[in-house]
Amino acid sequence: MDDDPKLRKTLCDILRLKGFEAGAAETGALGIAEAGNTFFNVALLDLKLPDMSGIEVMERIKHATPLTEAIILTGHASLDTAVEATNKGAFSYLLKPYAMDDLLLHIRHAIDRQQAQQEILRLASFPTMDPNPVMEVDAARVITYLNPAAKQLFPRLAVGQPAPAELGYLPAASGEDRQMVREVNVDNATFEQFLYPVPHSEMVRIHLLDITERKVDEARLRRLNLLLLTIRNINEYLLVAESEAALYHFVCEALKGLEDVIGVIISLRQPDHTLNHVAWAGFSETMMADLVVRWDGSEFGGGVMGVAAREAVPNVVTDIEHDTRYLPWREIVQTWQLKSAAAVPLASDGETMGVLAAYSGRRDAFSEEIINFLLEVANDIALGVHALRLDKRLHATLASLRKSLDGTVEAVARMVELRDPYTAGHQRRVAQLACAIGKEMGLPERQVEGLRVIGYLHDIGKIALPAEILSKPSTLSALEIAMIRGHSGAGYDILKDIEFPWPVAQAVWQHHERLDGSGYPQGLKSPDILLEARILMVADTVEAMASHRPYRAARGLDAAFHEISTNKGKLYEPTAVDACLRLFTEHGFSWGEK
């Protein structure tokens, strides 16, 4: 049962190819109804269905057909979820995305158990024939019957003796039709214990099914699922890590959650052959301050961390307490209760830079499988560190390039101002206001940076105009006005072949256009005018009207606000006008000196 139609179809197709009969349902209610009409050996349940949880569906199905086994499939697994599902009767659970071979193994084990229960019921009247251990006890826990398999499992038991303690609590039947299923351990084996009342008596029949091999497989799958979840979380964090320190800390905390791991340390090699502990989990800062490790051949370089950092190979100690290499840290080993350890080298750009170490409170806790997993984590750390350092260098390069670009742009703007001293500072102030409008409109930082460059360069075309026209104190003639209006096109010609990351040349060409098509030089209307140009025309108009010109006195900000407000939507972009007015009236915007 799953609300993903593609997943339902894919699973059904694969199961049918493997020889199973399969049905599918989108919701819990539909699945429960289907299970009521047709007996299913195994129910595959998504933990989160549209109408109810997979655990609730499992409980209702098992209430109707107790022999149906349930496997929970989820992408949101947690230890609490697993415990709840198991306590309520789930055979097992798998974390998405899962390997199909793992799912098929779980299904086969579930069917084995379901068929075993059916066989137990079939042989209930013939316990002597049952190949599995069967015994009966009375209300006083005294054994009244042992089949041959039970005698082989418990060779010292005999009829008339008390039931062995390994079987745990055995409820009196008292004529009740109650059944119980639980796990018990006998010697080094694990059994599934089925308790059935013997009809018309106060005795309980006990069937034992050896599931040792299955439990080993389940434990291995749980470990693999946990490793998969851990490496997935680390890989996802690599995409958002903001610093090496944050990455190291996250990895340590993630690995601390692994089975049998009590502590994790990441240390970096130093020129004086010491290892600097940069991140850890499971150990306190005070504890770490006492841990001295080197990566040379000295006595403090003989542990797993020193060897892995020095020789650039994984190193494992299965029994720290009795390993002479750990004599220098004997007190720490005893205080921290360390039993075994594993360490793998950390590399960056082909050079060993440090070590990743894990410690356990159990001897021989680090299998080859775990070492390979730690190596994969170390590779992920190397990728993350490389990306972070590359990003840092890239940012430094970009900052240097941006500084050079800023200097060039401002130098060009000053060249224009030298030819038109009466408008000195105009381009800088327009750039300031245009950037502020862009930010107020919520534009991305990169686009706002483009507005700054465009603002500084928007009048660059005036460099082609005679200085006497630019500074003429009287009214301009029609020819002179035509020449002035040519500056936006001249600016475009100057800038068009320069590759900016923003549409600088186009915006400079369009900054005297108007939304209704009454502007110049192309007479463009709103849809054809760049947003940057629409913002610039507002900033340019406000600054020009508020400032002095050779041929007129400053009109002031109130006149500028009246101009853009009156013609909002007709000549000027409404969102840019509103943002501009808010800047002055609500946020106290002013042109500061550079």
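Everything below is about the structure printed above this text.
Residue numbers here run from 1 along each chain, matching the order of that chain's written sequence. Selection of residues for local features in this predicted model requires a pLDDT of at least 70, selection of side-chain atom pairs for listing and counting requires 80 or more, and totals for whole chains, interfaces and linings are taken over all residues. Side-chain calculation: all heavy atoms of the structure are included, whereas hydrogens and water are not.

K.L.:
Outline helix α1 (residues 5–17), listing residues and values.
P.N.:
A run of DSSP states H or I qualifies as a helix once it reaches four residues; a run of E qualifies as a strand once it reaches two. Both are numbered from the N-terminal end. Between the first and last residue of a helix there are one fewer steps than residues, each counted as 1.5 Å, and that sum is the expected span. Given a rise of 1.5 Å per residue, 13 residues ought to cover 18 Å, and the 18 Å separating the end C-alpha atoms of α1 matches this to within 8%. Three or more residues of α1 are buried, namely Arg-8, Leu-11, Cys-12 and Leu-15. Buried residues of α1, viewed axially, fall in a sector of 100°; they line one side. More than 90 degrees from the buried face of α1, the exposed residues found are Lys-6, Lys-9 and Leu-17. Pairs of N or O atoms within 3.5 Å make up the polar contacts considered here, provided that, within protein, one atom can donate a hydrogen while the other can accept it, and that residues adjacent in sequence are counted only when both atoms are side-chain atoms. At the N-terminal end of α1, a side-chain oxygen is found 3.0 Å from the backbone nitrogen of Lys-6, two or three residues along, and the residue is Asp-4. Note on classification: 1.4 Å probe, protein chains only; a residue is buried when its accessible area is under 20% of the maximum for its type, exposed when over 50%, partly exposed between these limits. Throughout, the arc means the angular range of directions from the helix axis out to the C-beta atoms.

K.L.:
Now, about the pattern of salt bridges: what can you tell me, with residues and values included?
P.N.:
Put simply, a salt bridge is a Lys or Arg side-chain nitrogen that is within 4 Å of an Asp or Glu carboxyl oxygen. For the structure on display, the rule yields 23 salt bridges. Of the charged contacts in the structure, one is a salt bridge between Arg-113 and Glu-69, with a shortest N-O distance of 2.8 Å. Note that Arg-113 is positioned in helix α5 (residues 100–122) and Glu-69 in strand β2 (residues 69–74), a separation of 44 residues in sequence. Note that Asp-459 and Lys-462 form a salt bridge whose closest N and O atoms lie 3.5 Å from each other. Residues Asp-459 and Lys-462 agree in their burial class; the two are buried.

K.L.:
A description of unusual backbone geometry should follow, citing residues and the corresponding values.
P.N.:
Backbone torsion omega between Tyr-520 and Pro-521 reads 10°, so that peptide bond is classified as cis. Here Pro-521 lies in the loop between α18 (504–510) and α19 (531–546). At Asp-187, a position not held by glycine, the phi torsion is positive, near 55°. With respect to the helices and strands, Asp-187 occurs in the loop between β6 (180–186) and β7 (189–197). Look at Asp-260: it is not a glycine, yet its phi comes out positive at around 75°. You can call Asp-260 partly exposed: its relative accessible area is 30%.

K.L.:
So what's going on with the packing of helix α13 (residues 426–440) against α19? Residues and values would help.
P.N.:
Helix packing geometry: the angle between the two helix axes and the distance between the axes. Here an axis means a line fitted to C-alpha atoms, over the contact stretch when the element is a helix, while the angle between two N-to-C directions is reported on a 0 to 180 degree scale. The interhelical angle for the contact between α13 and α19, taken along N-to-C directions, is 130°, at an axis separation of 9 Å. As summarised for this structure, α13 and α19 are arranged oblique, according to the angle between their axes. Pair α13 / α19 crosses with right-handed handedness. When α13 is examined against α19, the residues His-426, Arg-429, Val-430, Leu-433, Ala-434 and Ile-437 are found in contact with a partner set consisting of Ile-535, Leu-536, Val-538, Ala-539, Asp-540, Val-542, Glu-543 and Ala-544. Among the residues making up the contact of α13 with α19, the classes are represented as ten nonpolar, one polar and three charged. By the definition adopted for this analysis, an angle is roughly parallel if under 35 degrees, roughly antiparallel if over 145, roughly perpendicular if from 65 to 115, and oblique otherwise. Left-handed describes a crossing whose near helix is turned anticlockwise from the far helix by less than a right angle; the clockwise case is right-handed. Here, residues are in contact when the closest pair of their heavy atoms is within 4.5 Å. Asp, Glu, Lys and Arg are counted as charged, while Ala, Val, Leu, Ile, Met, Phe, Trp, Tyr, Cys and Pro are counted as nonpolar; the rest, among them Gly, fall into the polar class.

K.L.:
Quick one: what's the story with the environment of Leu-268, residue by residue and with numbers?
P.N.:
Its place among the elements puts Leu-268 in strand β9 (residues 261–269). Of the residues examined, Leu-268 reaches a relative accessible area of 15% and is grouped as buried. Remark: the alpha-carbon pair of Leu-268 and Ala-309, spanning 41 residues in sequence, is separated by 8.4 Å. Leaving out residues up to four positions away in the same chain, Leu-268 has contacts with Tyr-248, Thr-274, Leu-275, Asn-276, Val-278, Met-353 and Gly-354.

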